[in-house]
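Observations on chain architecture
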Amino acid sequence: MAEKDEIRKKVFELQKQINEWDHAYYDLDSPIVSDSVYDTEFNKLKKLEEQYASYFSYEEIKQSPTQRINASSLDIFSKVKHDKPMLSLNKAYSIEEIQKFINNIKKVAINFSFFVEPKIDGLSISVKYHDGKLIQAVTRGDGLVGEDVTENIRQIKSIPQVINYQKDLEVRGEVYLSIEDFEKLNEILEKENKAKLANPRNAAAGTLRQLNPAIVKERNLSAFLYYVVDAEEHNIHSMEEEFNFLNNLGFQVTKESKHLYTIDEIQEYIKNFKNEKQLLNYETDGIVIKLNEIQYYDKLGSTAKFPHSAIAFKYEPDTAITTLKNIFITVGRTGLVTYNALLEPVELSGSTVSFATLNNFKYIDDLNLNINDLIYVKKAGEIIPCVIGLASLKHKNPARFEKITTCPYCQSKLIDSDSSLEQFCPNEQCPEVKRRKLIHFVSKDAMDIVTLGEKNIELLLENGLINQITDIYKLKEYCSQLMQLERMGNKSVLKMLDAIEASRNQSLDRIIYALSIKLIGSKVAKLIASKVKEFSNFLSFDYLSLTQYHEIGEKIATSVHEWVNKEENIKLVNDLLALGLNLKYHEEKENDILNNQSFVITGTLSKSRSYFEELIVKNGGIVLSSVSSKTNFLLAGEDAGSKLSKANKLNIKILNEREFLEMLNN
Ligand code: IVH
């Protein structure tokens, strides 16, 4: 193919792809790719169109998604034309691009500075006031025409209904759902057996377009305001004044916004905000750098899409492109199937990645992935990288990937979960399920027989010394055989047998967790244990009655109920009891001094963290792993890091070790 044809083909492919993504994002509120993938492809298209402009007709470029603000909307709310278009922002990924943005400002301005703000990942809206009263609120829509969502906006506390300002006023900002409220919403949806929402932005979008304002109120949307239309008519001359103006009228504004003077200060802000943003209760997708002095705005002007007076800086995404070499499934201890990707090894955030998760079949099918496709892989907060989407349509494998229907370890037919989202290997005798169950049983948070770790479990399985959980407690009869095994010294065998015997004194909750019952994590196991009291009651307890506790939903209760009614499980529990494992619940609380107050521990203390955890629980307190508004105290040792700064931000009382001990003594 001639170069021209090839470029044209590539550009049309990209245009088509981005149009599809735009449709999913704007019309369906259901993005199919991450922002970073979208941005990479969008910028690629823009570059190609600019570089090879002569290969295209005017019409061909004009209809490209790069030339319009791509947000149409479904017809539910009435349409309103914006008095002033709601523009988007140009993006920068490096300090050089910010320098370019500043150089352009230098052409028209002499004395200028910057106002830098978090870029809130929500939905933009424009709100009008007349005689100090909120009269209309409209979404961005396609930038020119939006939807009237006034009644829904009235449910948002951070947008006042009445302001102490009589002139007609139009303000703009971003509606969002706080991370806390997002998590709450998903918990509710899960309890109601409804599909969970992918992220706070989607959740906010879905909520804002609810037809029933009562639902909007319940979900607790929030908003940050950052823009006054025709600011100079309100005697506002800089972004900083605008920020104060909005703040004084009772609008919520971002606390992190700053007035800065030099590119070095901007660079410093970018560096600091990278950490700071992790602690915020709302999601951001970068920062916005605005020229502070409004007097230059008109002169700077704008393109059809974005103004030259502001730019969005986006952090380098931790995303890489590579080939999907194979798709295979693994089976976990509850039989749950996970789809995985074998990748052509690729560098990703400082390490080489060859495997990534693909979650479940629906995930693969939705993204239309198949072996040999070029894909994007991303390492986010989690340790396991994830395939997030197709990177190129060019050499796409045209076949669709077929659902895997048999267990690769035991050849059983896999079964679908009720929601059809997940698959399970139903075979309790599946060697892989067994192996995973045994490894889990001895793990640290379960029975804590760590001298019998993954490697040893495998060794014992291979040599036929164990086959199921009960065999662990029979191992002492095979002491001499154990000592003959390769890699097992006499000393380590004795140590292992001691640890097995010691596990007989564990608290009941540990064995409940150790049994790999679906949906039973260590926290829920604790609660169950506190009711069941001892293992000999385990089979006869009425689990369905547990739904009265808010930690235990119907799904969890049913899961245990079903488990204890299965023949092989009844046998397992009875065999364990016959082996003398009638574990008791260790009543952990000794007094109520701490009265259910919650603690988070951080930094280095004089004794181990578990020592302090035990102390808190014994005295009637609760230990949490991360700082949130629900935390009452932070017990902070030396070198405390992000938890300390977050606690400070949330005004949580901070105790050092001495103060904490004094609290117990009082
Ligand atoms: S200023 C002329 N400030 O980002 C545009 N926008 O990608 C005025 N956004 O459409 C926008 N946080 O919806 C501005 N602090 C912030 C923002 C922000 C989020 C959104 C806004 C805009 C989009 C552009």
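Residues numbered from 1 in each chain as written. Predicted model: local features only at pLDDT ≥ 70, side-chain atom pairs only at ≥ 80, totals over all residues. Heavy atoms only, no water.

All right, on to the overall build of the protein then. On a plain count of helices and strands, the protein comes out with 24 helices and 22 strands. A buried classification covers 48% of the 666 residues belonging to the protein. In the protein, the proportion of contacts linking residues at least 24 apart, taken out of those at least 6 apart, comes to 66%. Within the structure as shown, the protein displays about 34000 Å² of accessible surface, and the carbon and sulfur contribution to it stands at 49%. The averaged location of the 95 negative side-chain charges in the protein is 1 Å from the averaged location of its 84 positive side-chain charges. (Helix = DSSP H or I, 4+ residues; strand = E, 2+ residues; numbered from the N terminus. Buried < 20%, exposed > 50% of the residue type's maximum accessible area, 1.4 Å probe, protein only. Contact = heavy atoms within 4.5 Å. Areas by Shrake-Rupley, 256 points an atom, 1.4 Å probe, with all protein chains shown as cover. Lys, Arg positive; Asp, Glu negative; His and termini not counted. Charge placed at Lys NZ, Arg CZ, Asp CG, Glu CD.)

Moving on to empty space enclosed by the protein. Per the counting criterion, the structure on display carries three cavities of 30 Å³ or more. Computed from the structure, the largest cavity encloses a volume of approximately 80 Å³. If you go around the largest cavity, you meet 13 residues; those closest to its centre are E117, L225, Y226, F243 and V253. Looking at the lining of the largest cavity, the elements with two or more residues in it are β3 (114-120), β8 (222-228) and α9 (239-248). A per-class count over the lining of the largest cavity returns 10 nonpolar, one polar and two charged. Taken as a whole, the second largest cavity holds about 70 Å³ of empty space. Here the lining of the second largest cavity gets four residues from one element, more than from any other, and that element is helix α1 (residues 3-27). Per-class residue counts for the lining of the second largest cavity are four nonpolar, two polar and three charged. (1 Å grid on protein atoms, 1.4 Å probe; cavity = no way out; pocket = protein on both sides within 12 Å on 5 of 7 lines; lining within 4 Å. Points joined across faces, edges and corners; volume = space filled by probe spheres on them. Nonpolar A, V, L, I, M, F, W, Y, C, P; charged D, E, K, R; others polar.)

Close contacts around the ligand come from 14 residues, with E117, K119, I120, E174 and Y226 the closest. A distance of 3.0 Å is found between a nitrogen atom of the ligand and a backbone nitrogen or oxygen belonging to I120. Take Y226: an N or O atom from its side chain is 3.3 Å from an oxygen atom of the ligand. Here the ligand has 520 Å² of accessible area as a free molecule, and 89% of this is covered by the chains. Of all the secondary-structure elements, those providing two or more residues to the shell around the ligand are β3 and β10 (284-291). With four residues, β3 is the single largest residue contributor to the shell around the ligand. (Near = heavy atom within 4 Å. Polar contact = N/O pair within 3.5 Å; in protein donor to acceptor, adjacent residues only side chain to side chain.)

What follows covers the sheet that holds β8. Across the sheet, which stays open at both edges, the four strands sit in the order β5-β4-β7-β8 with antiparallel pairing between neighbours. The strands lining the two open edges of the sheet, one partner per strand, are β5 (133-139) and β8. The mean angle between the axes of side-by-side strands here comes to 30 degrees, regardless of whether they run parallel or antiparallel. Relative to β5, strand β4 (residues 123-130) runs antiparallel, the two being bridged by six bridges. Of the residues in β5, the one forming a bridge with H130 is K133. Helix-sheet contacts for α9 involve β7 (169-176) and β8, and the interaxial angle to β8 is about 135 degrees. (Pairing = 2+ DSSP bridges. Axes fitted to C-alpha atoms, helices over the stretch in contact; angles between N-to-C directions.)

Before going further, it helps to examine the side chain of K396. Relative to the helices and strands, K396 resides in the loop between β16 (386-390) and β17 (415-416). Those residues in contact with K396 that sit more than four places away from it in its chain are N368, L369, N370, D373 and L390.

Taking the UniProt record as the reference, the feature "active site" (unreviewed entry) is found at K119. With respect to the helices and strands, K119 occurs in strand β3. If near-sequence neighbours (up to four positions away) are discounted, K119 is found in contact with L89, E283, T284, D285, G286, I287, V288 and A312. (UniProt positions renumbered as here; feature names shortened; annotations may be inferred.)

What follows covers the nonpolar core. Within the largest apolar cluster, 68 residues are counted, with the highest numbers of intra-cluster contacts made by I153, I159 and I289. Those residues in contact with I159, other than ones at most four positions away along the chain, are I125, V127, Y129, L134, I153, A223, L225 and F251. Among the nonpolar cores identified, the runner-up in size contains 55 residues, and L452, A514, A529 and Y543 belong to it. (Core = buried A, V, L, I, M, F, W, Y, C linked by side-chain atoms within 4.5 Å.)

Summed over all chains, the structure comprises 24 aromatic pairs. Between F112 and F114, the aromatic rings sit 5.7 Å apart at their centres with planes inclined by 90 degrees, giving edge-to-face as the arrangement. Residue class for F114 comes out buried when judged on its relative accessible area of 2%. An aromatic cluster is present here, built from F535, F538, F541, Y543 and W563 joined pairwise through their rings. Stacked on the ring of Y315, the Lys or Arg K277 has its end atom at 4.8 Å from the ring centre. Note that K518 overlies the ring of F424, its terminal NZ or CZ placed 4.0 Å from the centroid. (Phe/Tyr/Trp six-rings, centres within 6.5 Å; stacked < 30°, edge-to-face > 60°. Lys NZ or Arg CZ within 6 Å of the ring centre and 35° of its normal.)

Most of β10 sits out of view: eight of its eight residues are buried. Sheet topology note: the β3/β10 ladder contains six bridges and is antiparallel. Looking across to β10, one finds that F115 is bridged to K290. Note: β10 against strand β11 (residues 310-313), four bridges, orientation antiparallel. Across the sheet, residue K290 finds its bridge partner in β11, namely A310.

With that out of the way, let us pick up the packing of helix α4 (residues 95-106) against helix α10 (residues 263-276). Look at α4 against α10: their axes get within 11 Å of each other, and the N-to-C directions meet at 140 degrees. It follows that α4 is oblique to α10 by the angle criterion. When you trace α4 past α10, the crossing you get is right-handed. For the pair formed by α4 and α10, the contact residues are I95, I98, Q99 and I102 on the first element and I263, I266, Q267 and I270 on the second. Along the lines of polarity and charge, the residues of the contact of α4 with α10 split into six nonpolar, two polar and no charged. (Parallel < 35°, antiparallel > 145°, perpendicular 65-115°, else oblique. Left-handed = near helix turned anticlockwise from the far one by under 90°.)

This part is about the sheet that holds β10. With mixed pairing, five strands are arranged side by side in an open sheet as β2-β11-β10-β3-β9. The strands lining the two open edges of the sheet, one partner per strand, are β2 (90-92) and β9 (258-260). Mean inter-strand twist for the sheet, computed between neighbouring axes without regard to direction, equals 35 degrees. As paired elements, β2 and β11 share three bridges and run parallel to each other. Paired with K91 across the two strands is A312, which belongs to β11.

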